[in-house]
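Single-letter residue listing:
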Amino acid sequence: MDNPILKQIGTVFIPVSNIEKARDWYCDILGLETDGEIQFGHLYVIPMEGTGIVLDSKIYSEDRIFKVPAFHFNTKSIEEAFYFMSKKDVDLITQIEHNHYFNFKDPDGNILMICKC
């Protein structure tokens, strides 16, 4: 029997305290419109290429936020990405490390990463 589990990641759920504010923040840093539907009053699916991201206010609590990055956003220019995020007043928690990546926090304190790939 073949293995029925695919070698793919479908979606990453991010715990957020306020679904509307989180939607607006994530869409802003990703250059997306905020016209998608908030589903069931607590879910927002961010339109991504590849693995998806779902913001979920129902699973939020302070002890569930990401203490380390669970994934990274890709960039072709780490310097441009760092400058862009700094101009958006994002909470940058590292400088560019090894000319390759940096970490930052979303408004709820989830630690995220941007990485040159």
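Because the structure is a prediction, the values reported are computed rather than measured.

**Q** Tell me about the sheet that holds strand β1 (residues 11-15), and name the residues and values.
**A** Strand order in this open sheet of three strands is β1-β3-β2, and the pairing throughout is mixed. Both outer strands of the open sheet, β1 and β2 (43-46), are each paired with one neighbouring strand and no more. The sheet shows a mean angle of 25° between the axes of neighbouring strands, taken without regard to direction. The pairing of β2 with strand β3 (residues 52-56) spans four bridges and is antiparallel. Within β3, the residue paired with Ile46 across the bridge is Ile53. Across the sheet, helix α1 (residues 19-30) is in contact with β1, β2 and β3; its angle to β2 comes to roughly 10°.

**Q** Account for the sheet that holds strand β4 (residues 72-75), with residues named and values stated.
**A** Across the sheet, four strands lie side by side as β4-β7-β6-β5; this open sheet has mixed pairing. Strands with a single pairing partner mark the edges of an open sheet, and in this sheet they are β4 and β5 (91-92). Strands in contact with helix α2 (residues 78-87) are β4, β5, β6 (101-105) and β7 (111-116); relative to β6, the strand with the most contacts, it is inclined by about 20°.

**Q** I'd like to hear about the layout of surface pockets, residue by residue, with values.
**A** Its boundaries defined by the atoms lining it, the largest pocket holds a volume of some 670 Å³. Forming the boundary of the largest pocket are 22 residues, of which Leu30, Met48, Phe73, Asn74 and Thr75 lie nearest the centre. The biggest single contributor to the lining of the largest pocket is β4, with four residues.

**Q** Could you give me a rundown of unusual backbone geometry, with the residues and numbers involved?
**A** Located in the positive-phi region is Phe40, a residue other than glycine, with phi close to 55°. Its identity is not glycine, yet Asn99 carries a phi of approximately 55°, on the positive side. Here Asn99 lies in the loop between β5 and β6. The exposed category is assigned to Asn99, whose relative accessible area is 60%.

Criteria and thresholds
Residues numbered from 1 in each chain as written. Predicted model: local features only at pLDDT ≥ 70, side-chain atom pairs only at ≥ 80, totals over all residues. Heavy atoms only, no water. Pairing = 2+ DSSP bridges. Helix = DSSP H or I, 4+ residues; strand = E, 2+ residues; numbered from the N terminus. Axes fitted to C-alpha atoms, helices over the stretch in contact; angles between N-to-C directions. Contact = heavy atoms within 4.5 Å. 1 Å grid on protein atoms, 1.4 Å probe; cavity = no way out; pocket = protein on both sides within 12 Å on 5 of 7 lines; lining within 4 Å. Points joined across faces, edges and corners; volume = space filled by probe spheres on them. Buried < 20%, exposed > 50% of the residue type's maximum accessible area, 1.4 Å probe, protein only.

Function cannot be read off these values alone, since they describe shape.
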